[in-house]
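A closer look at the structure
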Amino acid sequence: MLDVPKAAENVQILLLNDQSTPFDFVVDLLVSVFSKEDVDAHQLAATAHHYGEVLCGLWPPSVAAALLDAANARIKAAGHSLSLAQQSAEGRSVPGQAKCDFCGTPEAQVAKLYGTRAARICNNCILQASAHLSGSIKSAKFRHSKEILDWHFAGTRIEDLVTSTRVYPERSRADLQRALDEIMPAKTVRLVGVKGSFRYEALTFADLLQVQRDAKLLTPVQYADVDVGDDAPVSCIERGLWLLECDGLRHAALISNETRPQGGCEIRLEIAVPAGEAGQELVQRYFAAIETTITAANAYRGKILSLETADHWSGMAGAVLVHRLPAVSRDQVILPEETLALLDRNVLSFAEHRSRLKSLGQSAKKGLLFYGPPGTGKTHTVRYLASCLPKHTTLLVTAEQVGLLPAYFGLARLLQPSLVVIEDADLIARQRETMGSACEESLLNRLLNEMDGLKEDAEIFFILTTNRPEQLEAALSGRPGRIDQAVEFPVPDRRGREKLVGLYGGTLALTPNVVAAAVERTEGVSAAFIKELMRRVAQASFERGDDAAATSEDLDRALGEMLFEGGRLNSRLLGGQQDPQASP
């Protein structure tokens, strides 16, 4: 087979901006020499004027050489200083002009070119080198990211840099920022902000090296405050470029908080270093130190959390929301003694002896089902348990957030020991026979899979609450390993109602007769009903003009509104006596 000769590489011809050459001459040159239409010639000349240069076209080497000769002859005959450059695989050159041997800028585009035939340097490169040697880089003024990177990496070609990237979920943002706050200060030469072009743009070092109209502007560093439940929020950088130096090795780091088109955000960290073993070792040290801080997850550990949701059910998680719930003490939990004892053994005592159980090869995870009529204290008791387990991270999951279960259980594993609370579980874990679509069944399967996927040594409690236990699918409520203990929350008995009247009465003066009447007339109601009743009794006493003590008339008025004047529906809405046919 005959060898096919390789085609000669085409050459680009570029028109360089020149402030002294008349605009009409440039247009005429493009029309007469490069055969451009008049409209195109005007547009090319304007582009060169605004952006420094413009591509005239691509030709074979011999044609390009002839066009350059013709154009330069016309320029010389007219006495102008306009320049044309040619660019190929061998680089860029301006026929008839010298160039800076450091940055490659032709003589016509610099204020001054110094040196001899052997080596030349432009005034810009001299200023950059002088600034580095004098230590004045921190006060130097730049407009675009390409300029500041060229300055920082003076003596190292940009194409000799290599970059490494890690992407972190938004829920790690506060811990990532704390890691950077610990690592960067001792190595930072300068920190600047960078303006992105588009909302969903993933900013990279390649983007920072663009020039002309695509050049990235430098901006003040922008921060966003992230609440982590402490006295002060964590100020996290939105987009920032660090110029760094460590042991004489110059490098840079770019961080950007990017919004994904499908919802949610991610944090992208890219580190650029000179090629070689020293640079790669430095990058690995950075990422290892960051990973250690993120894995510790101290920003959210031991707090009460939930995930903010996006518009899609699929669960594109947003930021972590920290809840500041009031602590609940044991005397504020009004439940039968046997119920409190059951909670103590299965939660508090289990947590206390968990390490010993693990040493015997026993499972460290535990699931509980809280069931009972609405308003009987299931959520209130969850707050009590969270108060008793301050070293546990509590994750509050509502039924509509089932799409976020993978993210929630991922957090539970990261922040263990943890307590995962799924409220109104009957809304997502009903009997399969009552489900309306395959999509609903997939939600149940997701819950079951996440519960089964926890390792035996995972130090995680998960608590499911429901008002309708009969609606729960048997595989969830009856299989050990998913639910280990069901806890019933009944309506309060007589002794419980008496305690609730005293608790929710607060500082309101209540005579023994009023307390006895309230207890007698609230049989079968929930704790929530008694809480609302005592508020209305207090309001009635204020309206009567006597806030010293509540009377039987105040109690009658409050009960009348709650049980009779609003009808049966009002009573049920407030947690009044349940219909026996509707009771679990």
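Look up: the structure comes first, before these words.
Cut-offs used in this document
Residues numbered from 1 in each chain as written. Predicted model: local features only at pLDDT ≥ 70, side-chain atom pairs only at ≥ 80, totals over all residues. Heavy atoms only, no water. Helix = DSSP H or I, 4+ residues; strand = E, 2+ residues; numbered from the N terminus. Pairing = 2+ DSSP bridges. Axes fitted to C-alpha atoms, helices over the stretch in contact; angles between N-to-C directions. Buried < 20%, exposed > 50% of the residue type's maximum accessible area, 1.4 Å probe, protein only. Contact = heavy atoms within 4.5 Å. Core = buried A, V, L, I, M, F, W, Y, C linked by side-chain atoms within 4.5 Å. Bend = angle between axes of the 7 residues up to and from the residue. Parallel < 35°, antiparallel > 145°, perpendicular 65-115°, else oblique. Left-handed = near helix turned anticlockwise from the far one by under 90°. Nonpolar A, V, L, I, M, F, W, Y, C, P; charged D, E, K, R; others polar. Phe/Tyr/Trp six-rings, centres within 6.5 Å; stacked < 30°, edge-to-face > 60°. Salt bridge = Lys/Arg side-chain N within 4 Å of Asp/Glu carboxyl O.

Counting through the fold element by element, Tyr114 comes out in strand S5 (residues 113-115). Here the alpha-carbon distance between Tyr114 and Lys99, two residues 15 residues apart in the chain, equals 9.9 Å.

On to the sheet that holds strand S2 (residues 53-59), then. The strand order S2-S1-S3-S4 describes an open sheet built from four strands, whose pairing is antiparallel. Strands with a single pairing partner mark the edges of an open sheet, and in this sheet they are S2 and strand S4 (91-93). Strand-to-strand twist in this sheet, taken as the mean axis angle between neighbours without regard to direction, amounts to 25 degrees.

Further remarks concern the environment of Ala549. Within the secondary structure layout, Ala549 lies in the loop between helix H17 (527-543) and helix H18 (552-565). With relative accessibility at 24%, the residue Ala549 sits in the partly exposed group. The spatial distance from the C-alpha of Ala549 to the C-alpha of Ala538 is 8.7 Å, given a sequence separation of 11 residues. For Ala549, the contacting residues outside a window of four places in its chain are Ala509, Ser541, Arg544 and Asp554.

Turning our eyes to something else, we now look at the nonpolar core. Residues Tyr300, Val420 and Leu464 are the most contacted members of the largest nonpolar core, which totals 34 residues. Put simply, the parts of the chain that give this core at least two residues each are strand S11 (234-237), strand S15 (304-307), strand S16 (320-323), strand S18 (393-397), helix H12 (405-414), strand S19 (418-422), helix H13 (438-453) and strand S20 (460-466). It is H12 that provides the largest number of residues to this core, a total of six residues. Contacts of Tyr300, omitting those with residues within four sequence positions, involve Arg171, Ala174, Asp175, Val226, Asp227, Val228, Leu305, Val320, Val322, Thr393 and Leu415.

Moving on, we come to helix H9 (residues 337-352). Of all the bends in H9, the greatest, near 40 degrees, is centred on Asp344. Those residues of H9 that fall on the buried side of the exposure criterion are Thr339, Leu340, Leu342, Leu343, Asn346, Val347 and Phe350. Contact partners of the buried residues in H9: helix H10 (354-359), strand S17 (366-371), helix H11 (378-388), S20 and strand S21 (485-488).

As a further point, take H12. By the criterion of burial, H12 is predominantly enclosed, with seven of the 10 residues buried. Those residues of H12 not exposed but buried are Leu405, Ala407, Tyr408, Phe409, Gly410, Leu411 and Ala412.

Next up on the list: the packing of H17 against H18. Axis separation between H17 and H18 bottoms out at 8 Å; the angle between their running directions is 130 degrees. By the criterion of interaxial angle, the relationship of H17 to H18 is oblique. Crossing of H17 against H18: the hand is right-handed. Where H17 approaches H18, its residues Phe529, Glu532, Leu533, Arg536, Val537, Ala540, Ser541 and Glu543 are matched on the opposing element by Asp554, Leu555, Arg557, Ala558, Leu559, Glu561, Met562 and Leu563. Of the residues contributing to the contact of H17 with H18, the split by class is nine nonpolar, one polar and six charged.

Attention shifts here to the packing of aromatic side chains. Counted according to the given criterion, the structure contains four aromatic pairs. Arranged with centres 4.1 Å apart and planes meeting at 75 degrees, the rings of Phe142 and Trp151 form a pair that is edge-to-face. The pair Phe142 / Trp151 is uniform in exposure class, with both members buried. Measuring from ring centre to ring centre gives 5.7 Å for Phe350 and Phe461, while their planes differ by 65 degrees; the resulting arrangement is edge-to-face. In this pair, Phe350 is assigned in helix H9 and Phe461 in strand S20, connecting sequence segments 111 residues apart. With a relative accessible area of 13%, Phe350 lands in the buried category.

In the structure shown here, the tally under the stated rule is 15 salt bridges. Residues Lys358 and Glu459 are paired through a salt bridge, measuring 3.0 Å at the closest nitrogen-oxygen approach. On the criterion of sequence distance, the pair formed by Lys358 in helix H10 and Glu459 in the loop between H13 and S20 is long-range, its members being 101 residues apart. Lys358 gets classed as partly exposed once you look at its relative accessible area, which sits at 31%. Residues Arg544 and Asp554 are paired through a salt bridge, measuring 2.7 Å at the closest nitrogen-oxygen approach. You can see Arg544 sitting in the loop between H17 and H18 and its partner Asp554 sitting in helix H18, a full 10 residues away along the chain. Looking at Arg544, the relative accessible area reads 38%, which means it is partly exposed. One continuous salt-bridge network, built from bridges that share partners, spans Glu532, Arg535, Arg536 and Glu561.

Note that every value here comes from positions in space, so none of it alone points to a role or purpose.
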